[in-house]
Each structure stands twice: as C-alpha cells, then as structure tokens.
Amino acid sequence: MTRYLQVALLAGAALLTLRSEVTVAAETDLAQTIVDKADQIRFPRESFQFDVQITNTAPDREPEHTKDRIVSKGNDNTLVVTLEPAADKGQVLLMRGRDLWIYMPNLSQPIRLALSQRLTGQVANGDLARANFSGDYTPSLVGTELIDGEPCYVLELSAVDRGVTYHRVKYWVKESDNRPSKAEFYSVSDRLLKVGTYRAFQSLGGKTRPTQVVIEDALRKGEQSVLEYSNLRLRELPDKMFTKDYLKHLDL
C-alpha cells in the first residue's frame, strides 16, 4: 500500500467519523427541540397557575375526587395547594429545584418528600409539582410510530439523576404540531409503571393544550387517574412565595 493510499484511507475514515458525529449531534438537537416544544404546549414558560381536578377509579371501589391549585414559576419553583377534599384542604407541596416538601396545617414544620412518591391514585408528587420533561431527562429520538393514525416521533427520555420522578420515559409526540400524545413511565428496575395519554386539546391560557391526561396503572388493571386542567392564567409570582417560611401565609 502506497503512502498516498494510506493517507486517502485515513482521510476517508476521518470524514465518515465526522459525518457520524454531525448526524448524532443533529438528532440530539432535534430530540431536545421536540421535547421543548411539547413542554411549551403542555404548560407556559412564564409564571402561571391552574386548577386540576383528579378522579381516581379502580375496580370495586367508589371513585375518589381531589382538586388542587398549581402555582408555578418556571420549572424549578412550584406550589401544589390542596382545595378538596375538605379534610385535606390547606396542605401544600413546595418544590424548589428537585427538592420537595409538604406543609400540613397541623404540623409546625414542612416534611421532606420524594418526587416519585405517590400523591393520589396513579399521580406521583412530581406529576404535578414538576410536570415538564425538559431539564429532567436527556432525550433521544428512536423512531416514528402511528398513534390513532397520526405519525408521531418516538423518544426515549433518560433521567439526568436519581432525584427525578421516573427513571425513564418513552414519549410519543405528534410530528405535525409537536403535541404530546402518549407517555410510558418506567422504574429504576425498568419496569413499566403506568401509561399516560394526553387528550381533549382545547384553548387554555391562550394556547391549545391538552386539558385532560389519563394515567393508567400498568401493574393493576382497571386502576387509573384522570387529570382535568382548568382556569390556567399567567400571573406575577414573587420569589418569597416559594419558601418554606411562607407556606403558612399562603392565600390562594
């Protein structure tokens, strides 16, 4: 093999490597863009509040109903205030970053909780307190599939650390408009825990968003939670509102 041929082969290999790296980088950027756009459809980037009615159903049990008010400033500061049932009224979840506390009127100090801990029915604390996927997961685009006849991107979301709500999420987002369609939520042992479906897209807070999310238990057939969103509005929120000392003074 001549020296010139060796140089040509090495140059060709380097070019293939560069093209591969460029392709991977482009796919990574596309995956992040898809997740970002889907997040903006689900909830605004600005400070906002909304109400969520949760109905939990299971075989041979009467439906259970709860209502919460969510107040959020970015993806790192959130309050979840219990409005119903009356017995739990006044309970508040406070999230700062990935730290979560619950305040109850009959206790003097807030108690630390995990985002993955169950809040009600199939709903984990993090499902309400930290609803956006951007920042908590590293996305990769793994293909496309049809959901109800519509082409969807299929993404794998890997947790950035153990402090987030789920270890892994498989996420379907519509190609035509970046609306979220479906999500599967997995445990650290990679067991499918539950499946979420985004439904009833309507105008909410000035933008078309899913106003209903159905979360089905993948382990216990027939158990599900239906989350219905309403009264979303933008509002200015002071930083002091998202502190443990301020929880007992909340008036929402």
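Please refer to the structure placed before this passage.
These notes cover the structure that comes with them. (Residues numbered from 1 in each chain as written. Predicted model: local features only at pLDDT ≥ 70, side-chain atom pairs only at ≥ 80, totals over all residues. Heavy atoms only, no water.)

### Here's the deal with the environment of Gln91
Mapped onto the secondary structure, Gln91 falls in the loop between strand S3 (77-84) and strand S4 (92-96). Aside from chain neighbours lying at most four places away, what touches Gln91 is Val80, Val81, Thr82, Ile102, Tyr103, Met104 and Pro105. (Helix = DSSP H or I, 4+ residues; strand = E, 2+ residues; numbered from the N terminus. Contact = heavy atoms within 4.5 Å.)

### Notes on the pairing of strand S15 (residues 224-234)
The pairing of strand S1 (residues 48-57) with S15 spans nine bridges and is classified as antiparallel. Each residue of the ladder has a partner; that of Val52, found in S15, is Tyr229. With five bridges joining them, strand S14 (residues 207-217) and S15 adopt antiparallel strand pairing. In the sheet register, Val213 faces S15, and the bridge partner there is Leu227. Linking S14 back to S15 in an antiparallel pair, the connection comprises six residues, with Gly222 at a positive phi of about 90°. (Pairing = 2+ DSSP bridges.)

### Some remarks on the pattern of salt bridges
If you walk through the whole model with that rule in mind, you get 15 salt bridges. Between Asp39 and Arg42 there is a salt bridge whose closest N-O contact spans 3.3 Å. Placement of both Asp39 and Arg42 in helix H1 (residues 3-42) is noted, with a separation of three residues, approximately one turn of the helix. Comparing Asp39 with Arg42, the two get one shared label, buried. Taking the shortest distance from any N to any O, the salt bridge between Glu156 and Arg168 comes out at 2.7 Å. Here the residue Glu156 occupies a position in strand S10 (residues 150-159), and Arg168 occupies one in strand S11 (residues 168-174), the gap between them amounting to 12 residues. (Salt bridge = Lys/Arg side-chain N within 4 Å of Asp/Glu carboxyl O. Buried < 20%, exposed > 50% of the residue type's maximum accessible area, 1.4 Å probe, protein only.)

### A closer look at empty space enclosed by the protein
Overall, the coordinates contain two cavities of 30 Å³ or more when judged by the stated rule. In this structure, the largest cavity occupies an estimated 200 Å³ of space. In this structure, the largest cavity is lined by 19 residues; those nearest its centre are Arg42, Asp127, Ala131, Phe185 and Tyr198. Per-class residue counts for the lining of the largest cavity are 11 nonpolar, four polar and four charged. Here the second largest cavity defines a volume of roughly 40 Å³. The wall of the second largest cavity is formed by Arg42, Phe43, Tyr198, Pro210, Val213 and Tyr229. (1 Å grid on protein atoms, 1.4 Å probe; cavity = no way out; pocket = protein on both sides within 12 Å on 5 of 7 lines; lining within 4 Å. Points joined across faces, edges and corners; volume = space filled by probe spheres on them. Nonpolar A, V, L, I, M, F, W, Y, C, P; charged D, E, K, R; others polar.)

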